[in-house]
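Coordinate analysis (summary)
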Amino acid sequence: MRYWSLIFALAALFGVGAFAYAPFSADWWLPNPADSPGRAVSTSGREIDALFLIILWLTSAVFVGTQAALVWAQYRYADRLDAEGKPARPARYFHGSQRLEVVWTIIPAAILVFLALYQMETWANIKFRSAAPKTPPLAEVTGRQFQWVIKYPGPDGKLNTPDDLFTVNDLHLVKDKTALIHLKAADVIHSFFLPQMRIKQDAVPGMTIPVWFDCDRAGRYELACAELCGWGHYKMRGDVVVHETEAEFQAWQTAKLTEQGRSRLEPKGDDAEGGKP
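Residues numbered from 1 in each chain as written. Predicted model: local features only at pLDDT ≥ 70, side-chain atom pairs only at ≥ 80, totals over all residues. Heavy atoms only, no water.

Observations regarding the overall build of the chain
Here is the rule: Every helix listed is a DSSP run of H or I at least four residues long, and every strand listed is a run of E at least two residues long, numbered separately from the N terminus. Exposure categories follow from relative accessible area, calculated using a 1.4 Å probe and restricted to protein chains: below 20% of the type maximum is buried, above 50% is exposed, and the middle band is partly exposed. By definition, residues are in contact when any of their heavy atoms lie within 4.5 Å. All accessible-area figures derive from a Shrake-Rupley calculation using a 1.4 Å probe, and residue coverage is judged against the displayed protein chains alone.
Each helix and strand in the chain was counted, giving five helices and 10 strands. Taken over 277 residues, the chain has a buried fraction of 36%. Here the contacts in the chain between residues at least 6 apart in sequence split such that 63% fall between residues at least 24 apart. Put simply, the chain shows about 17200 Å² of open surface, and 62% of that area lies on carbon and sulfur atoms.

Some thoughts on the pattern of salt bridges
Keep this limit in mind: Salt bridges are defined by distance alone: a side-chain nitrogen of Lys or Arg within 4 Å of a carboxyl oxygen of Asp or Glu.
Under the defined criterion, the tally for this structure stands at nine salt bridges. Between Lys-175 and Glu-244 there is a salt bridge, with the nearest N and O atoms lying 2.6 Å from each other. With a gap of 69 residues between them, Lys-175 in the loop between strand S4 (170-174) and strand S5 (179-185) and Glu-244 in the loop between strand S10 (237-243) and helix H5 (246-260) connect regions that are remote in the sequence. Across the pair Lys-177 and Glu-246 runs a salt bridge, and its minimum N-O distance is 3.1 Å. One end of the pair, Lys-177, is in the loop between S4 and S5; the other, Glu-246, is in helix H5, with 69 residues separating them in the sequence. The partly exposed category is assigned to Lys-177, whose relative accessible area is 45%. The class for Glu-246 is partly exposed, based on a relative accessible area of 30%. Within this structure, Glu-140, Lys-151 and Lys-184 form a network of salt bridges that share partners.

Quick notes on the sheet that holds strand S3 (residues 165-168)
Note the following rule: Criterion used throughout: strands pair if DSSP finds at least two bridges between them. Axis geometry follows a simple rule: fit a line to the C-alpha atoms, using only the stretch in contact for helices, then measure angles between N-to-C directions, giving values from 0 to 180 degrees.
Taken in spatial order, the five strands of this open sheet run S3-S2-S1-S5-S8, and their pairing is mixed. Unpaired on one side and paired on the other, S3 and strand S8 (209-213) mark the two borders of the sheet. Across the sheet, the mean angle from the axis of one strand to that of its neighbour is 25°, orientation sign disregarded. Note that strand S1 (residues 139-144) and strand S2 (residues 147-152) share five bridges and pair antiparallel. Bridge assignment links Arg-144 to a residue of S2, and that residue is Gln-147. Sitting on the sheet, H5 touches S2 and S3, and the angle it makes with S3 is about 95°.

Here's the deal with the packing of helix H2 (residues 43-76) against helix H3 (residues 98-118)
Just so we agree on the cut-off: For classification purposes, angles smaller than 35 degrees are called roughly parallel, those larger than 145 roughly antiparallel, those between 65 and 115 roughly perpendicular, and all remaining angles oblique. In this classification, the charged set is Asp, Glu, Lys and Arg, the nonpolar set is Ala, Val, Leu, Ile, Met, Phe, Trp, Tyr, Cys and Pro, and all remaining amino acids, among them Gly, are polar.
Interaxial distance between H2 and H3 falls to 11 Å at its minimum, and their mutual angle equals 170°. Judged by the angle between their axes, H2 and H3 are roughly antiparallel. Taking contact as the criterion, the partners of Leu-51, Ile-54, Ile-55 and Leu-58 in H2 are, on H3, Ile-111, Phe-114, Leu-115 and Tyr-118. Considered class by class, the residues forming the contact of H2 with H3 number eight nonpolar, no polar and no charged.

Section: the nonpolar core
Test applied: To define a nonpolar core, start from buried Ala, Val, Leu, Ile, Met, Phe, Trp, Tyr and Cys residues and group those joined through side-chain atoms within 4.5 Å.
One finds Leu-171, Leu-173, Phe-192, Met-197, Phe-213 and Val-240 to be the most contacted residues of the largest nonpolar core, which totals 37 residues. When residues of this core are assigned to their parent elements, the largest contribution, four residues, is made by S5.

Brief notes about unusual backbone geometry
Residue Phe-146 is bonded to the preceding Gln-145 through a cis peptide linkage, with omega at 0°. Position of Phe-146 relative to the elements: it lies in the loop between S1 and S2.

So, the packing of helix H1 (residues 2-21) against H2
Selection rule: Two helices that cross are described as forming a left-handed crossing if the nearer one is turned anticlockwise from the farther one by less than a right angle, and a right-handed crossing if clockwise.
The interhelical angle for the contact between H1 and H2, taken along N-to-C directions, is 165°, at an axis separation of 9 Å. Taken as axis vectors, H1 and H2 run roughly antiparallel relative to one another. Between H1 and H2 lies a crossing of left-handed hand. Taken together, the residues of H2 that come into contact with H1 (itself represented by Arg-2, Trp-4, Ser-5, Phe-8, Ala-9, Ala-12, Gly-15, Val-16 and Phe-19) are Leu-56, Thr-59, Ser-60, Phe-63, Val-64, Gln-67, Leu-70, Val-71, Gln-74, Tyr-75 and Arg-76. Split by residue class, the contact of H1 with H2 holds 12 nonpolar, six polar and two charged.

Given below as structure tokens:
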């Protein structure tokens, strides 16, 4: 029986090693740019990573404590037989311990309350609509089986007008500039997921959900659907391109508008006169 305690001890040591390794090589367990291990590329991403690490340290402490108690109990109370082949120490049974039950109920409850309060500010900054930036939306993103349809305002700067720019699975934004998108779903529930920026939000049919985020490193990142939405779910994988400057983003948008023939469309009505009556 004592051999089993050694096996459990090895498993515990492996788990402790994983806990110890994870904070110093975050790209091992969270997606990050290849040349920037351990670092998210957005402001909210770094706050979320910090919360992950707090939870990791708490759970690792509980894990180490319970595993140590388990291994010690297995080793200490392993079966031993006397000269007649009978248990040298017969088991004793008792009916619970109210004091112990109260302790192991209060401690986890206190930890959960602490986590709920500690993460509230981060959650509010990312999810509460009252915290949404007071800026025009960068784009409207609609999830449908099985692609992300992205609509940008055209030259008139407004969505849902004839000069809108459309792309599929291709989201562009500018570095160090908060991007606000309007998230929709055309058929079933999808989940808008930017792993390197730690952003994930369900897209629900019939709802327009504001989602905002930033990125402090130019480059190409992943856009995925994190909700199993049908047989072609795997196809909902796109790109997020972060431009270094606003001018670079405008140049890309102008080229795409020309490619789609949108630049030839003139704004109608008041928009054609620059908003004058």
